[in-house]
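# Geometric and topological summary
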Amino acid sequence: MSVHIKTIHPMKYMRDFLARNIRPDGRKLSEVRPTAINVGSISTADGSALVKIGNTVVICGIKAELTVPNAENPNEGFVIPNVELPPLCSPQFKSGPPGETAQVSSQFLADILVNSKCVDLQSLCIMPDKLAWVLYCDLICLDHDGSVLDACVAALVSALCTVTLPEVKFDAITKNKTVELEKRRPLTLTCFPFASTFATFDENSILADPSEEEESLCSGTISIVTSGDSLYSVHKPGGCQLSENRLSECISKAQKRSLTLRGMVEKSMESIKS
Amino acid sequence: MKEPIISNCEKAFLLEAISESRRLDGRGMFDYRDLSIRFGKDYGCCEVSMGQTRVLGQVSCEIQQPKATRPNEGLLHINVGLSPMGAPHFETGRQSISSIQLNRLLEKCIKDSKCIDLESLCIVAEEKVWCIRLDLNILNHEGNLIDCASVAALAALSHFRRPDVELTSEGLIIYEAAVKEPIPLGIKHTPICVSFAIFNKGKNIVVDPSELEERVAEAEFTLGVNGYKELCGVHLSGSTQSGPTIVRQCANKALKRAVSVVALIKETLAKDSELRGSNTERGFVECVRQGTITSHGTPKICLPIKHKLPVETMETNHEDESSCDEVEVIGSGTVELKNSSVLATDTAEQVMEVEEKPKVEEIALSDDEDEVQIL
Amino acid sequence: MPRPLLHSLLSLILNQLTRVLHAVCSVYKQNFLAMNSNSSNGTHSDDKEECSVRPILCELGVITRPDGSAILTQGHTVVMSAVYGPSEVRMQRLQVDRAYVETVFRPKAGVPNTSDRLRETIIRDTCETAMIATLYPRTTISVILQEMEDSGGLLACSINASCLALMDSGVSMKFLFAAVTCGVTEDDLIIVDPDADKLKECKASLTFAFDSINKNVIASYTSGTFPVQTYNNGLEKCRQASDFLFDFYRDIVRKYASTL
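Please read all numbers here as calculations on a predicted model, not as lab measurements. (Residues numbered from 1 in each chain as written. Chains lettered and ligands numbered in written order. Predicted model: local features only at pLDDT ≥ 70, side-chain atom pairs only at ≥ 80, totals over all residues.)

### A look at the overall build of chain A
Rules: Helix numbers and strand numbers start at the N terminus; a helix is a DSSP run of H or I with at least 4 residues, a strand a run of E with at least 2. Computation of the radius of gyration draws on C-alpha atoms, with the globule rule given as 2.2 Å multiplied by the number of residues to the power 0.38. Contact between residues is assigned whenever the C-beta positions, reconstructed from backbone atoms, fall within 7 Å.
Within chain A, the secondary structure is distributed over 6 helices and 12 strands. Relative to a compact globule of 274 residues, whose C-alpha radius of gyration would be 19 Å, chain A shows 21 Å and is just as compact. Overall, the C-alpha framework of chain A stretches about 75 × 40 × 40 Å when taken along its three principal axes. Across chain A, contacts joining residues at least 24 apart in sequence account for 68% of those joining residues at least 6 apart.

Structure (structure tokens):
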């Protein structure tokens, strides 16, 4: 019977559940789905991670290349995130050039990297104005079931943790560069930002870590990126109007979650070291 | 959204009027709409309006590697963006035929006529040159985009200043505007485009066509002309069977027009630099404050053929203006006939009614009246 | 209930109501005056008060082709906006229960990039929240924004300009919306509606959009790093500043209605 109500009256179906403070999949409103992080999943990449939040799966691979720094910032390298949402992950996406959602997600990640300064770009520079590292971070969504931004940020940050860069010797006069693949040093992150998405059904029902179905029935989402103390982004593009108290609640929940996620990343890093 | 269709009735009405040497917005065959130029606060930014057609021009620059074939020349890119703001059928992303045509015409007129001194934009041959980029955004499309865009292009280019650079042993130093006075582009001559719409196998020619006239005309003839009365581009779109005389006729008109337009651009530029010198408030903010950017000031409803009427009827017409608000709501000015694709015939009728009342004895429109009723 | 008791109760309620109304009126008057003096003298005072905004100027119906248009200046940031619709929709975008809202943001120089895309989604979602899209099923409503001058607070100015254009177009809306930007300085002080020079000195900037009824947050966009407390402070200051904008809207509508 419930299946029929869901098809005919999706909103009522949702509302009836929320009125009883429970969600269709049995979670409480502020309960997040089981999360799994795997680091170093791709052995051929310079850094990689796979993050699974409920059904949502995002894999991130990082490739380091040598390049010439920009004329404006001669002593900085680059980190370029790129999110791909292939038709594989959800029927709503088509193949071909990146669609709006993919572009916006990529830009969101790029903004977070700039805001949080979690990768010290100057540490990526080998010789000012001559040689620097560029980290191409390719994120591919394998299963799109809501809160993809959370998974993307987590995958990006955990993949960046695993990045090791080979030593490069650059001769300024002969312009010869020698890459010593054996001598690798790890990239250090200054902070660990994590995103938490909430869907707003109405003023009183805010769902943490929404699934695809919940996202489509809710009027909007809020994504909060934080490392526990500092905020790096509070991104709420429209959607249901919220009072300040509600926003604060979300922020404190996001802070707690970011600490748990950070713990997970640290544990998984230890596990590959040992 | 698709471009609204012009009904046969509208077409016939316009052609009839044109063959009687009348235009729907009350202009004479060789009257231009008001041209005004406003400069923004930044260098190389201007907004040009020709009647209600508006174009925003912005010039920007960056340092790039030159082309291998021309190692000691800077680059000039012209890009006309048909923003959906201008008209609902313009789409973003895709290059439409009309945008390619506009782009090419401007390139012919400005780039191929070597109006910008590209050699002066070279910093290090084969390595670093300035790449000048001209972006034109169509804000409102009420016909004759090319003329308006070409004026905006010339005004923006002559207004633009690039930062000064110096080549030292340590590398290239780019000076900010506050440190060293930026340098204007070298402009050798001042080309603009002047367009004519040709009707009835060349029998009727109008200057500065409106959107409806452009679409009904059998051909549009665009001439690139500079302030020194030289031709630098000729383009005929559409086809017309007319003799060579109209080329000469149009060219003469275009040359005169170019002189006055170039004079206006120079005058406005001089005013702007005076304002900059005295450090007074300028830019679009000032334009909005002074109401020079407004359209509410200009009459939105200009009923066709109105100025041919005796004074008394004019007055009745004015009264009509307030009572026929529907006309304004549906479209505005000359647009009223074509802006409403769904209501095309209805609108035509309404407009007719409004006009007919005062001018039945003035102009025998009985034929048109029949047509309307048949439709 | 005995009659005299009822009577006294009623009069009490009435009394309270008038008092509240008076308070509201006087507050509104003050704001209105502040806004007026702010926008009419037009000079940019450096020692800005905590919650004042840069002078605002606006004109509705600037261009003829769209169904609604506006040009809005906030300080030296100028944005032109246009609304087309409800109009015919492309088959792939057809929604049977509501209008498809699309937003196009055009920078004045160069081709639109991904950060313009992000801006577009924020503006679109904000507009979609405010308008009653379900009234126009199987149609498109397009909101087009053109940057004309940028000297700080471009996103906020664009959101406000889109609200004005929607107002001009006559699309039904649940409420109006206004956006305010604030900058966060190195020592966590809030500057409301900073211009480009001041924004450069800031370590973070926060932009909020509010609705006109409860002044709740519709949209939030941030850049830079900041502590939670600063976020809340900024939110509160911006909320107060949004009153100027809503008063300005009211004033614009009043003027506009009288010229029509």
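Back to the text.
### What about the overall build of chain C?
The following threshold applies: Exposed residues have 12 or fewer other C-beta atoms within 10 Å of their own C-beta, buried residues have 20 or more, and partly exposed residues fall in between, where C-beta atoms are placed from the backbone.
Across its full length, chain C carries 5 helices and 10 strands. Counting all 260 residues of chain C, 54% fall into the buried class. Of the contacts made within chain C by residues no fewer than 6 positions apart, 66% connect residues no fewer than 24 positions apart.

### Describing the environment of Tyr175 of chain B
Mapped onto the secondary structure, Tyr175 of chain B falls in the loop between strand E9 (171-174) and strand E10 (183-184). Tyr175 of chain B sits in the partly exposed class, given 14 other C-beta atoms within 10 Å.

### A closer look at the sheet that holds strand E3 (residues 77-87) of chain C
All names here are of chain C. Using the following cut-off: A pair of strands is considered paired only if DSSP assigns at least 2 bridges between the two. Axis definition: a line fit to C-alpha positions, over the contact stretch in the case of helices; interaxial angles, taken between N-to-C directions, run 0 to 180 degrees.
The 5 strands are arranged E1-E2-E3-E5-E4 in an open sheet whose pairing can be described as mixed. Two strands lie at the open edges of the sheet, namely strand E1 (56-60) and strand E4 (100-106), each paired on one side alone. For this sheet, the mean angle separating the axes of adjacent strands, direction not counted, is 15 degrees. Where strand E2 (residues 68-74) lies against E3, 7 bridges are found, and the strand directions are antiparallel. Of the residues in E3, the one forming a bridge with Ser69 is Ala82. Helix-sheet contacts for helix H2 (residues 114-130) involve E4 and strand E5 (140-149), and the interaxial angle to E4 is about 140 degrees. Where helix H3 (residues 154-169) meets the sheet, it contacts E1, E2, E3, E4 and E5, and its direction lies at approximately 145 degrees from that of E2.

### Looking at the interface of chain C and chain B
Let me state the cut-off plainly: Amino acids are sorted into nonpolar (Ala, Val, Leu, Ile, Met, Phe, Trp, Tyr, Cys and Pro), charged (Asp, Glu, Lys and Arg) and polar (every other residue, Gly among them).
Taken together, the contact between chain C and chain B spans 29 residues of the former and 37 residues of the latter. Put simply, the parts of the chain that give the side of chain C that touches chain B at least two residues each are E1, E2, E3, E4 and E5 of chain C. Of the residues contributing to the side of chain C that touches chain B, the split by class is 13 nonpolar, 10 polar and 6 charged.

### Topic: the UniProt feature "domain: Exoribonuclease phosphorolytic" (unreviewed entry) in chain A
All names here are of chain A. Applied cut-off: UniProt positions are given in the numbering used here, feature names are shortened, and annotations may be inferred rather than shown by experiment.
Mapped onto this numbering, the UniProt entry annotates "domain: Exoribonuclease phosphorolytic" (unreviewed entry) at residues 31-166 and 192-256. Note that residues 31-166 is 24% helix and 37% strand, and that its end C-alpha atoms are spaced 42 Å apart. For the annotated span residues 192-256, helix accounts for 29% and strand for 35% of the residues, and the straight-line distance between the end C-alpha atoms is 13 Å.

### Structural notes on the UniProt feature "domain: Exoribonuclease phosphorolytic" (unreviewed entry) in chain C
With numbering aligned to this structure, UniProt lists the feature "domain: Exoribonuclease phosphorolytic" (unreviewed entry) at residues 53-171 and 177-236 of chain C. Counted over residues 53-171 of chain C, helix gives 28% and strand 34%. Its end C-alpha atoms are 28 Å apart.

### So, the pairing of strand E6 (residues 128-140) of chain B
Residues and elements named next belong to chain B. Of all 13 residues in E6, 10 are buried; the element is thus mostly enclosed. Where strand E3 (residues 53-64) lies against E6, 11 bridges are found, and the strand directions are antiparallel. Among the inter-strand pairings, Gln64 is bridged to a residue of E6, identified as Val129. Alignment of strand E5 (residues 122-124) against E6, held across 2 bridges, turns out to be antiparallel.

### Things to note about the nonpolar core
Generally speaking, nonpolar side chains in soluble globular proteins are found buried as a group. What counts here: Any nonpolar core is a set of buried residues, restricted to Ala, Val, Leu, Ile, Met, Phe, Trp, Tyr and Cys, that join up through C-beta atoms within 7 Å.
One finds Val58, Cys152, Val153, Ala155 and Leu156 of chain A together with Ala149 and Ala152 of chain B to be the most contacted residues of the largest nonpolar core, which totals 228 residues. For this core, the element with the most residues is helix H4 (residues 148-162) of chain A, which contributes 12 residues. Residues in contact with Ala152 of chain B, not counting those within four places in the same chain, are Cys46, Val48, Val55, Gly57 and Leu136 of chain B.

### Focus: the sheet that holds strand E11 (residues 220-226) of chain A
Pairing in this open sheet of 5 strands is antiparallel, and the strands run E10(A)-E9(A)-E11(A)-E12(A)-E10(C) from one edge to the other. Of all the strands in the sheet, just strand E10 (206-208) of chain A together with strand E10 (226-227) of chain C have a single pairing partner and so form its edges. With 4 bridges joining them, E11 of chain A and strand E12 (residues 230-235) of chain A adopt antiparallel strand pairing. Residue pairing across strands places Ser223 of chain A opposite His235 of chain A, the latter belonging to E12 of chain A. Against the sheet, H4 of chain A contacts strand E9 (194-200) and E11 of chain A, and its axis sits at roughly 180 degrees relative to E9 of chain A.

### So, unusual backbone geometry
Pro86 of chain C follows Gly85 of chain C through a cis peptide bond whose omega is 0 degrees. Tracing the backbone shows Pro86 of chain C in strand E3. At Ser147 of chain A, a residue that is not glycine, the phi angle is positive and equals roughly 50 degrees. Position of Ser147 of chain A among the secondary structure elements: in the loop between strand E6 (131-143) and H4. The class of Ser147 of chain A is buried, set by 29 C-beta atoms lying within 10 Å. Of note in this structure, Asn200 of chain B is not a glycine but carries a positive phi near 45 degrees. Residue placement: Asn200 of chain B occurs in the loop between strand E11 (191-199) and strand E12 (204-207). For Asn200 of chain B, a count of 14 C-beta atoms within 10 Å puts it in the partly exposed group.

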